[in-house]
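Structural features, examined
Spelled out, the chains give:
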Amino acid sequence: MAYSPKLAAALSGATLRQLAHWRKVSTGRGAVLVPELSVERPILYSFRDVVALRTCVKLRNDASLQKIRRALDTLRDDLRERDHLSSYTLVADGSSIYLAAPDHAVDLVRKKANVVIHEMVDVLQPFYRDGRHIPPLLQPREHVAVDPAVRGGIPVIDGTRVPYDEVAALLRDGVPAERISDYYPSVTPAAARDAVDFADYVDSYDPSREPREAAAG
(Lines give C-alpha, C1' and ligand atoms only; values in the text may rest on other atoms or scores of the structure.)
Protein backbone atom coordinates (compact mmCIF):
# COMPACT_ATOMS: atom_id res chain seq x y z
CA MET A 1 0.00 0.00 0.00
CA ALA A 2 1.22 3.48 -0.84
CA TYR A 3 0.04 6.25 1.48
CA SER A 4 -0.14 9.83 0.28
CA PRO A 5 1.39 12.41 2.62
CA LYS A 6 -2.09 13.52 3.72
CA LEU A 7 -3.20 10.01 4.66
CA ALA A 8 0.17 9.26 6.26
CA ALA A 9 -0.20 12.44 8.30
CA ALA A 10 -3.73 11.56 9.40
CA LEU A 11 -2.75 8.03 10.44
CA SER A 12 0.41 9.12 12.24
CA GLY A 13 -0.57 12.43 13.81
CA ALA A 14 2.23 14.35 12.10
CA THR A 15 1.45 17.51 10.18
CA LEU A 16 2.28 17.83 6.50
CA ARG A 17 4.86 20.48 7.45
CA GLN A 18 6.50 18.00 9.80
CA LEU A 19 6.59 15.28 7.15
CA ALA A 20 8.30 17.64 4.73
CA HIS A 21 10.77 18.79 7.39
CA TRP A 22 11.54 15.25 8.55
CA ARG A 23 12.35 14.17 4.99
CA LYS A 24 15.16 16.71 4.83
CA VAL A 25 18.75 16.22 5.92
CA SER A 26 19.67 18.66 8.68
CA THR A 27 23.11 20.24 9.03
CA GLY A 28 25.43 17.41 9.99
CA ARG A 29 22.54 15.01 10.68
CA GLY A 30 20.48 12.61 8.63
CA ALA A 31 16.79 12.87 7.81
CA VAL A 32 14.33 11.70 10.45
CA LEU A 33 12.41 9.54 8.00
CA VAL A 34 12.62 9.25 4.22
CA PRO A 35 9.61 7.54 2.56
CA GLU A 36 10.70 4.10 1.43
CA LEU A 37 8.34 3.97 -1.57
CA SER A 38 8.90 7.32 -3.27
CA VAL A 39 10.77 10.46 -2.28
CA GLU A 40 9.86 12.24 -5.51
CA ARG A 41 6.41 13.49 -6.42
CA PRO A 42 4.11 11.80 -5.89
CA ILE A 43 5.67 11.22 -2.46
CA LEU A 44 4.50 7.86 -1.09
CA TYR A 45 4.85 6.33 2.36
CA SER A 46 4.67 2.64 3.28
CA PHE A 47 2.77 1.09 6.19
CA ARG A 48 6.11 0.70 8.00
CA ASP A 49 6.75 4.39 7.43
CA VAL A 50 3.43 5.25 9.09
CA VAL A 51 4.30 3.14 12.14
CA ALA A 52 7.68 4.87 12.34
CA LEU A 53 6.05 8.29 11.96
CA ARG A 54 3.78 7.55 14.93
CA THR A 55 6.92 6.79 16.93
CA CYS A 56 8.41 10.14 15.91
CA VAL A 57 5.23 12.01 16.78
CA LYS A 58 5.11 10.43 20.25
CA LEU A 59 8.80 11.18 20.79
CA ARG A 60 8.16 14.78 19.75
CA ASN A 61 5.73 15.14 22.67
CA ASP A 62 8.66 14.76 25.08
CA ALA A 63 11.77 15.67 23.12
CA SER A 64 13.06 18.36 20.78
CA LEU A 65 13.60 17.60 17.11
CA GLN A 66 17.33 18.18 17.62
CA LYS A 67 17.38 15.51 20.33
CA ILE A 68 15.45 13.10 18.11
CA ARG A 69 17.90 13.60 15.25
CA ARG A 70 20.82 13.05 17.64
CA ALA A 71 19.24 9.84 18.94
CA LEU A 72 18.61 8.54 15.42
CA ASP A 73 22.19 9.32 14.41
CA THR A 74 23.41 7.31 17.42
CA LEU A 75 21.12 4.45 16.45
CA ARG A 76 22.25 4.38 12.83
CA ASP A 77 25.89 5.46 12.99
CA ASP A 78 27.19 4.37 16.40
CA LEU A 79 25.08 1.25 17.00
CA ARG A 80 24.99 0.36 13.28
CA GLU A 81 21.26 -0.34 13.49
CA ARG A 82 20.13 0.09 9.89
CA ASP A 83 16.77 -1.70 9.89
CA HIS A 84 13.62 0.29 9.19
CA LEU A 85 12.81 2.67 12.03
CA SER A 86 9.52 0.85 12.66
CA SER A 87 11.57 -2.16 13.83
CA TYR A 88 12.70 -0.40 16.99
CA THR A 89 11.01 0.59 20.23
CA LEU A 90 12.04 4.15 21.06
CA VAL A 91 10.91 5.86 24.26
CA ALA A 92 11.37 9.44 25.52
CA ASP A 93 11.03 10.57 29.13
CA GLY A 94 11.64 14.30 28.84
CA SER A 95 15.38 14.10 29.44
CA SER A 96 16.52 11.58 26.85
CA ILE A 97 15.49 9.04 24.20
CA TYR A 98 16.04 5.34 24.69
CA LEU A 99 16.25 2.28 22.48
CA ALA A 100 14.25 -0.30 24.43
CA ALA A 101 14.83 -4.04 24.22
CA PRO A 102 13.24 -6.82 26.30
CA ASP A 103 16.21 -7.08 28.68
CA HIS A 104 17.86 -3.66 28.56
CA ALA A 105 17.73 -0.14 27.15
CA VAL A 106 20.28 2.20 25.61
CA ASP A 107 20.30 5.96 26.17
CA LEU A 108 20.69 7.23 22.60
CA VAL A 109 21.34 10.84 23.59
CA ARG A 110 23.84 10.33 26.41
CA LYS A 111 25.14 7.13 24.76
CA LYS A 112 24.83 4.95 27.86
CA ALA A 113 23.99 1.26 27.81
CA ASN A 114 21.94 -0.84 30.24
CA VAL A 115 19.77 1.97 31.58
CA VAL A 116 16.38 1.42 33.20
CA ILE A 117 13.20 2.84 31.72
CA HIS A 118 9.84 2.82 33.44
CA GLU A 119 7.28 3.12 30.69
CA MET A 120 6.89 1.26 27.43
CA VAL A 121 4.72 2.82 24.74
CA ASP A 122 2.65 1.08 22.08
CA VAL A 123 2.66 3.41 19.08
CA LEU A 124 -0.30 1.59 17.56
CA GLN A 125 -2.57 2.80 20.37
CA PRO A 126 -4.31 6.22 20.45
CA PHE A 127 -2.56 9.26 21.89
CA TYR A 128 -2.78 13.04 21.94
CA ARG A 129 -0.56 15.50 20.09
CA ASP A 130 -1.00 19.24 20.67
CA GLY A 131 -4.45 18.55 22.09
CA ARG A 132 -5.53 16.53 19.07
CA HIS A 133 -6.68 12.94 19.43
CA ILE A 134 -4.71 10.61 17.17
CA PRO A 135 -6.74 7.41 16.69
CA PRO A 136 -5.37 3.86 16.98
CA LEU A 137 -3.57 2.97 13.77
CA LEU A 138 -5.28 -0.36 13.13
CA GLN A 139 -8.80 0.79 14.07
CA PRO A 140 -9.06 4.56 13.48
CA ARG A 141 -12.84 4.35 13.81
CA GLU A 142 -15.07 1.63 15.25
CA HIS A 143 -16.06 0.49 11.77
CA VAL A 144 -12.88 1.49 9.89
CA ALA A 145 -9.83 -0.77 9.93
CA VAL A 146 -6.25 -0.69 8.67
CA ASP A 147 -4.75 -4.10 7.94
CA PRO A 148 -1.63 -4.48 5.78
CA ALA A 149 -3.03 -7.83 4.62
CA VAL A 150 -6.23 -6.22 3.28
CA ARG A 151 -5.82 -4.03 0.19
CA GLY A 152 -2.25 -3.42 1.23
CA GLY A 153 -3.26 -1.40 4.28
CA ILE A 154 -5.65 1.16 2.81
CA PRO A 155 -8.33 1.99 5.42
CA VAL A 156 -11.44 -0.09 4.73
CA ILE A 157 -14.81 -0.75 6.31
CA ASP A 158 -14.09 -3.26 9.07
CA GLY A 159 -14.74 -6.84 8.00
CA THR A 160 -14.84 -5.93 4.30
CA ARG A 161 -12.52 -4.88 1.49
CA VAL A 162 -14.51 -1.70 0.80
CA PRO A 163 -12.30 1.43 0.96
CA TYR A 164 -13.55 4.02 3.43
CA ASP A 165 -13.22 6.88 0.93
CA GLU A 166 -15.53 5.25 -1.61
CA VAL A 167 -18.26 5.02 1.02
CA ALA A 168 -17.56 8.55 2.22
CA ALA A 169 -17.83 9.86 -1.34
CA LEU A 170 -21.33 8.43 -1.66
CA LEU A 171 -22.49 10.09 1.55
CA ARG A 172 -20.96 13.38 0.47
CA ASP A 173 -22.85 13.07 -2.79
CA GLY A 174 -26.10 12.90 -0.85
CA VAL A 175 -26.70 9.17 -0.49
CA PRO A 176 -28.23 8.53 2.97
CA ALA A 177 -26.29 6.21 5.25
CA GLU A 178 -29.31 3.91 5.31
CA ARG A 179 -29.08 3.47 1.52
CA ILE A 180 -25.36 2.66 1.36
CA SER A 181 -26.23 -1.04 1.39
CA ASP A 182 -27.78 -0.52 -2.06
CA TYR A 183 -24.22 0.03 -3.29
CA TYR A 184 -22.26 -2.04 -0.76
CA PRO A 185 -24.47 -4.72 0.87
CA SER A 186 -21.88 -5.43 3.57
CA VAL A 187 -21.71 -1.81 4.78
CA THR A 188 -24.07 -0.83 7.59
CA PRO A 189 -25.37 2.72 8.17
CA ALA A 190 -23.14 3.01 11.25
CA ALA A 191 -20.11 1.95 9.23
CA ALA A 192 -20.99 4.47 6.53
CA ARG A 193 -21.16 7.28 9.08
CA ASP A 194 -17.79 6.21 10.50
CA ALA A 195 -16.34 6.26 6.98
CA VAL A 196 -17.35 9.86 6.34
CA ASP A 197 -16.26 10.89 9.83
CA PHE A 198 -12.82 9.40 9.21
CA ALA A 199 -12.70 11.03 5.77
CA ASP A 200 -13.41 14.40 7.43
CA TYR A 201 -10.57 13.71 9.87
CA VAL A 202 -8.16 12.87 7.03
CA ASP A 203 -9.21 16.01 5.15
CA SER A 204 -8.40 18.10 8.22
CA TYR A 205 -4.76 17.44 7.31
CA ASP A 206 -5.08 19.39 4.06
CA PRO A 207 -2.45 22.17 4.06
CA SER A 208 -5.12 24.89 3.96
CA ARG A 209 -6.76 23.46 7.08
CA GLU A 210 -3.69 22.77 9.18
CA PRO A 211 -3.24 25.20 12.09
CA ARG A 212 -0.80 27.96 11.17
CA GLU A 213 0.93 27.48 14.52
CA ALA A 214 1.75 23.85 13.72
CA ALA A 215 5.52 23.73 13.98
CA ALA A 216 7.54 22.13 11.25
CA GLY A 217 9.58 20.19 13.80
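In this text, all values refer to a predicted model and were calculated from it rather than measured experimentally.

On to the pairing of strand E2 (residues 97–100), then. Here E2 shows two buried faces, one formed by Ile-97 and Leu-99 and the other by Tyr-98 and Ala-100. Relative to E2, strand E1 (residues 89–92) runs antiparallel, the two sharing four bridges. When the sheet's bridge partners are listed, Ala-92 is paired in E2 with Ile-97. Connecting E1 to the next strand, E2, in antiparallel fashion are four residues, including Gly-94 with a positive phi near 100°. Across three bridges, the pairing between E2 and strand E3 (residues 105–107) is antiparallel. Among the inter-strand pairings, Leu-99 is bridged to a residue of E3, identified as Val-106. Joining the antiparallel neighbours E2 and E3 is a turn of four residues.

With respect to the helices and strands, Ser-46 occurs in the loop between helix H2 (16–23) and helix H3 (47–60). Relative accessible area serves as the criterion here: at 6%, Ser-46 is assigned to the buried category. A distance of 3.4 Å separates a polar side-chain atom of Ser-46 from the backbone nitrogen of Arg-48. The contact partners of Ser-46, leaving out residues within four places of it in the chain, are Met-1, Tyr-3, Glu-36, Leu-37 and His-84.

Tyr-3 and Val-167 are the most contacted members of the largest nonpolar core, which totals 63 residues. For Val-167, the residues in contact, after removing those within four places along its chain, are Ile-157, Val-162, Ile-180, Tyr-184, Val-187, Ala-192 and Ala-195.

Further remarks concern unusual backbone geometry. The omega torsion of the bond from Arg-41 to Pro-42 falls at 0°, within 30 degrees of zero and hence cis. Looking at the element boundaries, Pro-42 is found in the loop between H2 and H3. Although it is not a glycine, Asp-130 sits at a positive phi angle of roughly 55°. Its location among the elements puts Asp-130 in the loop between strand E5 (127–129) and strand E6 (132–134).

Compared with the 21 Å implied by 1.5 Å per residue over 15 residues, the 21 Å span of helix H6 (residues 189–203) between its first and last C-alpha is a close match. Listing the buried residues of H6 in full gives Ala-191, Ala-192, Asp-194, Ala-195, Val-196, Phe-198, Ala-199, Tyr-201, Val-202 and Asp-203. Here the buried face of H6 lies against helix H1 (5–12), E6, strand E7 (144–145), strand E8 (156–157) and helix H5 (164–172).

So, on to the side chain of Lys-67. You can see Lys-67 is positioned in helix H4 (residues 65–78). Here Lys-67 is buried and forms no salt bridge, its nearest opposite-charge partner Asp-93 lying at an N-O distance of 7.1 Å. Here Lys-67 is in contact with Gly-94, Ser-95, Ser-96, Ile-97 and Val-109, once residues within four sequence places are set aside.

A word on the packing of aromatic side chains. Both the distance between ring centres and the angle between the ring planes are used here to describe each pair of aromatic rings. Counting across every chain of the model gives three aromatic pairs. Relative to Phe-198, the ring of Tyr-164 lies with its centre 5.0 Å away and its plane at 70°, an arrangement referred to as edge-to-face. Taken together, the residues span a long stretch of sequence, with Tyr-164 in helix H5 and Phe-198 in helix H6 at a distance of 34 residues. Residue Tyr-164 shares its accessibility class with Phe-198, and that shared class is buried. Through pairs of rings, three or more aromatic residues link up here, namely Tyr-164, Phe-198, Tyr-201 and Tyr-205. The ring of Tyr-205 carries the charged tip of Arg-132 above its face, separated from the ring centre by 4.1 Å.

Definitions and cut-offs
- Residues numbered from 1 in each chain as written.
- Predicted model: local features only at pLDDT ≥ 70, side-chain atom pairs only at ≥ 80, totals over all residues.
- Heavy atoms only, no water.
- Buried < 20%, exposed > 50% of the residue type's maximum accessible area, 1.4 Å probe, protein only.
- Helix = DSSP H or I, 4+ residues; strand = E, 2+ residues; numbered from the N terminus.
- Pairing = 2+ DSSP bridges.
- Polar contact = N/O pair within 3.5 Å; in protein donor to acceptor, adjacent residues only side chain to side chain.
- Contact = heavy atoms within 4.5 Å.
- Core = buried A, V, L, I, M, F, W, Y, C linked by side-chain atoms within 4.5 Å.
- Expected span 1.5 Å × (residues − 1).
- Lys, Arg positive; Asp, Glu negative; His and termini not counted.
- Salt bridge = Lys/Arg side-chain N within 4 Å of Asp/Glu carboxyl O.
- Phe/Tyr/Trp six-rings, centres within 6.5 Å; stacked < 30°, edge-to-face > 60°.
- Lys NZ or Arg CZ within 6 Å of the ring centre and 35° of its normal.

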